[in-house]
Amino acid sequence: MELKITAQTKISQLLEVDRDLVIKTLVSLNKKFSKLKNPVLRNLLVKRVSIADACKISKTEIADFMSSMTEIGFKVAGDCVADTESNNVSVPFLEPLDYLELDVRPILAQDKDPLKEILSSVKVLKTDQGLKLINSFEPSPLIHLLASKGFTHRVEHVDTDTVITYFNKSGDTATDVLTIPAREPAIDDQQFDMLLASFVPEQISYLDVRELEMPKPMLAILEQTPNLTAGHALFVHHKKIPVFLLPELEKQGLQYIFKTFAPGNINMLIYKK
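Residues numbered from 1 in each chain as written. Predicted model: local features only at pLDDT ≥ 70, side-chain atom pairs only at ≥ 80, totals over all residues. Heavy atoms only, no water.

Chemist: Summarise helix 7 (residues 115-123); cite the residues concerned and give the values.
Modeler: Leu115, Ile118, Leu119, Ser121 and Val122 are the residues of helix 7 that are buried. Angular distribution of buried residues about the axis of helix 7 spans 155°; they occupy a single face of the element. (Buried < 20%, exposed > 50% of the residue type's maximum accessible area, 1.4 Å probe, protein only. Helix = DSSP H or I, 4+ residues; strand = E, 2+ residues; numbered from the N terminus. Arc of directions from axis to C-beta.)

Structure (structure tokens):
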């Protein structure tokens, strides 16, 4: 295999070479990697998770991971153990004196998005206080979002239904936390139809997230948006306007517009000019 891997290689890059063989090998190494067999979890997570991240989450020695990959033909570039250690030193996680605890599982059970409660909790954190977030999965998008605002984290997998993510402020950069939108953007049905008509069918991809549980709609959309190029659009069938997704779309340089199709049924068009 031509791909040379390091600790920072994304799991998605391994799967692109030979998905079935890589998954089979990793499951043999550690049964926790069996989650990669689930196409939903696989699509949501692998593009954001590096080999170093995967080893940390699964409690796998990175040397063992690399050894299993070399056995099936991958080549290791450099000293991956040293690479991982240097990466951890650059962004250490320091335990705060206290934690504010937030369990979002009851919110998710009501098919609601807990992001507003999470960000509200982050905004009221006191000096030397971190956030202890209790969830049923590892919140990768939130981890990346708060990392961009100066937060470090560590993840503890308690059992199959309980994942605790600890967040802590890093220096003085964490004071600028993502702003919670004050109101939802306006819906313009006429403009939506005109814009949609400007794309030829081959330029439009479709995604239906109405039946997905929170926060999978947001994750599913974010999996698709990196593929959008100028002149192409993503048509999303949604139950509501995903307010907290919009800042992420704007960061990617994407435009969006909405149309009301029926109660609990919103059409969303995401595109790049």
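Chemist: Summarise the nonpolar core; cite the residues concerned and give the values.
Modeler: In terms of nonpolar packing, the biggest core is built from 22 residues, with Ile11, Leu14, Val22, Ile51, Phe65 and Met69 touching the most fellow members. Elements that contribute at least two residues to this core include exactly helix 1 (11-29), helix 3 (51-58) and helix 4 (62-71). With seven residues, the single largest contributor to this core is helix 1. The residues touching isoleucine 51, leaving out its near neighbours within four places in the chain, are Ile5, Thr6, Ala7, Thr9, Ile11, Leu14, Ile62, Phe65 and Met66. (Core = buried A, V, L, I, M, F, W, Y, C linked by side-chain atoms within 4.5 Å. Contact = heavy atoms within 4.5 Å.)

Chemist: Give me the sheet that holds strand 3 (residues 98-103): which residues, what numbers.
Modeler: In spatial order, the strands read 3-4-6-5; together these four strands make up an open sheet with mixed pairing. At either margin of the open sheet sits one strand with a lone partner, and together these are strand 3 and strand 5 (151-159). Each strand of the sheet is rotated relative to its neighbour by a mean of 20°, with strand direction disregarded. Looking at chain direction, strand 4 (residues 129-135) and strand 6 (residues 162-169) are connected through five bridges and run antiparallel. Within strand 6, the residue paired with isoleucine 134 across the bridge is isoleucine 164. (Pairing = 2+ DSSP bridges. Axes fitted to C-alpha atoms, helices over the stretch in contact; angles between N-to-C directions.)

Chemist: Explain the environment of glutamate 248 to me, using residue names and the numbers behind them.
Modeler: Structurally, glutamate 248 can be placed in helix 11 (residues 246-251). Sequence-wise, glutamate 248 and leucine 222 are 26 residues apart; in three dimensions their C-alpha atoms are separated by 8.4 Å. Filtering out sequence-adjacent residues up to four positions away, glutamate 248 remains in contact with Leu145, Met218 and Leu222.

Chemist: Give a detailed account of the pattern of salt bridges, specifying residues and quantitative values.
Modeler: Taken as a whole and assessed by the stated rule, the structure comprises six salt bridges. Note that aspartate 103 and arginine 105 form a salt bridge whose closest N and O atoms lie 2.7 Å from each other. Looking at arginine 105, the relative accessible area reads 30%, which means it is partly exposed. A salt bridge links arginine 210 to aspartate 208, with the nearest nitrogen and oxygen atoms 2.5 Å apart. We classify arginine 210 as partly exposed; its relative accessible area is 23%. (Salt bridge = Lys/Arg side-chain N within 4 Å of Asp/Glu carboxyl O.)

Chemist: Could you give an account of the environment of glutamine 203, naming the residues involved and the relevant values?
Modeler: Mapping glutamine 203 onto the fold places it in the loop between helix 9 (189-197) and strand 7 (204-208). Glutamine 203 sits in the partly exposed class, given a relative accessible area of 23%. Counting along the chain gives 68 residues from glutamine 203 to tyrosine 271, while the straight-line C-alpha distance between them is 10.0 Å. Once you skip the residues sitting within four places of it in the chain, glutamine 203 turns out to touch Ser198, Gly231, His232 and Ala233. A distance of 3.4 Å separates a polar atom in the side chain of glutamine 203 from the backbone oxygen of glycine 231. (Polar contact = N/O pair within 3.5 Å; in protein donor to acceptor, adjacent residues only side chain to side chain.)

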